[in-house]
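# Tertiary structure, described
Below are the chains, spelled out letter by letter.
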Amino acid sequence: NVAARFVEHANIESGKDVIVGEVIMSSRIDAGKRVICQGKRGNVVGGQIRASEEVNAKVLGSPSMIQTDIEVGFDPKIRQKLSDLEERRRDAHEKRSKVALNLNTLEAQLQDTKNLPPDRMELFQTMRAEKPALEAELKQLESDIQELKQYLGMLETRGKISASKVVYPGVKIPIKNASLEIR
């Protein structure tokens, strides 16, 4: 657990709860269970708040419509791991496309001239060897992503966000697969 009276411009990760007395401002908070801000003011303004079970405060957002993202219903670490895997998959797809394009060009040159300069031939051999490794990496990434998505789908986590006073425009609230942007 993490307990504080005031949090501003901070990155906090907790395995269980984050309990703040007064204000959470422009911070990134990941909690394994709950984020609670219920002091005299109890404001959550700006930043990204993620918890697997609950976010509870008096006021969410601010009258000046500062973007405040509040996510519940997922384990933040698993969600981040899934996001990282999806980014790696995009990069691998781009790399595979570039290698395939270069291979096609070099193969066409090889057929036309029946011979390539030594540096081009070496590049051709390297890319031919690299292509199966890229395919295997992509297959593994796809498998890992599917496994994480299945795990996230099986979680029985129920997300709950509560604000006892007001929720201002500029607050984004995704709970599991549903999303709401306050206007």
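Scroll up to find the structure this text is about.
Report follows, based on the coordinates. (Residues numbered from 1 in each chain as written. Predicted model: local features only at pLDDT ≥ 70, side-chain atom pairs only at ≥ 80, totals over all residues. Heavy atoms only, no water.)

What follows concerns the side chain of Asp17. Structurally, Asp17 can be placed in the loop between strand E2 (11-14) and strand E3 (18-31). Taking relative accessible area as the criterion, Asp17 reaches 10% and is therefore assigned buried. With near-sequence residues (within four places) excluded, Asp17 lies in contact with Asn1, Val2, Lys33 and Arg34. (Helix = DSSP H or I, 4+ residues; strand = E, 2+ residues; numbered from the N terminus. Buried < 20%, exposed > 50% of the residue type's maximum accessible area, 1.4 Å probe, protein only. Contact = heavy atoms within 4.5 Å.)

Once that is clear, we can look at empty space enclosed by the protein. Taken as a whole, this structure holds 1 cavity of 30 Å³ or more when the rule is applied. Empty space within the largest cavity amounts to approximately 40 Å³. Around the largest cavity, the lining residues are Arg50, Ala51, Glu71, Val72, Gly73, Phe74, Pro76 and Arg79. Contributions of two or more residues to the lining of the largest cavity are made by strand E5 (43-51), strand E7 (68-72) and helix H1 (76-113). (1 Å grid on protein atoms, 1.4 Å probe; cavity = no way out; pocket = protein on both sides within 12 Å on 5 of 7 lines; lining within 4 Å. Points joined across faces, edges and corners; volume = space filled by probe spheres on them.)

Our focus in this paragraph is the nonpolar core. Judged by nonpolar contacts, the single largest core of 20 residues is most densely connected at Ile24, Val35, Val44 and Ile49. Looking at this core, the element that brings in the most residues is E3, giving 5 residues. Counting 10 residues, the second largest nonpolar core, distinct from the first, contains Phe74, Ile78, Ala92 and Leu152. (Core = buried A, V, L, I, M, F, W, Y, C linked by side-chain atoms within 4.5 Å.)

This brings us to the pattern of salt bridges. In total, this model carries 7 salt bridges according to the counting rule given. Ionic pairing is found between Glu86 and Lys149, a salt bridge with its closest N-O pair at 3.8 Å. Here Glu86 is found in helix H1, whereas its partner Lys149 is found in helix H2 (residues 118-154), with 63 residues between them in sequence. Judged by its relative accessible area of 22%, Glu86 is partly exposed. The partner of Glu142 in a salt bridge is Arg89, and the shortest N-O contact between them spans 3.2 Å. (Salt bridge = Lys/Arg side-chain N within 4 Å of Asp/Glu carboxyl O.)

This paragraph deals with the side chain of Gln48. In this fold, Gln48 is placed in strand E5. A distance of 3.2 Å separates a polar atom in the side chain of Gln48 from a polar atom in the side chain of Glu71. Among residues more than four places away in sequence, those in contact with Gln48 are Ser27, Arg28, Ile29, Asp69 and Glu71. (Polar contact = N/O pair within 3.5 Å; in protein donor to acceptor, adjacent residues only side chain to side chain.)

Looking now at the environment of Gly39. Assignment of secondary structure puts Gly39 in the loop between strand E4 (34-37) and E5. Gly39 sits in the buried class, given a relative accessible area of 15%. When the C-alpha positions of Gly39 and Leu106 are compared, they lie 67 Å apart, and in sequence the two are 67 residues distant. Residues within four places of Gly39 in sequence aside, it is in contact with Val20, Gly21, Glu22 and Lys58.

What follows deals with the environment of Val55. Here Val55 lies in strand E6 (residues 54-60). Accessibility expressed as a relative area gives 1% for Val55, which makes it buried. Sequence separation between Val55 and Glu71 is 16 residues, and the spatial gap between their C-alpha atoms is 8.3 Å. Every residue in contact with Val55, bar those within four places of it in the chain, is listed here: Val35, Ile49, Ile70, Val72, Lys160, Ile161 and Ser162.

We now examine the environment of Gly47. Structurally, Gly47 is set in strand E5. Sequence separation between Gly47 and Gln67 is 20 residues; the distance between their C-alpha atoms is 7.0 Å.

Of note, the phi angle at His9 is positive, near 50°, even though the residue is not glycine. Within the secondary structure, His9 is located in the loop between strand E1 (2-8) and E2. For His9, a relative accessible area of 62% corresponds to the exposed category. Located in the positive-phi region is Met65, a residue other than glycine, with phi close to 60°. Mapped onto the elements of the fold, Met65 is located in the loop between E6 and E7. Its relative accessible area of 53% is what places Met65 among the exposed residues.

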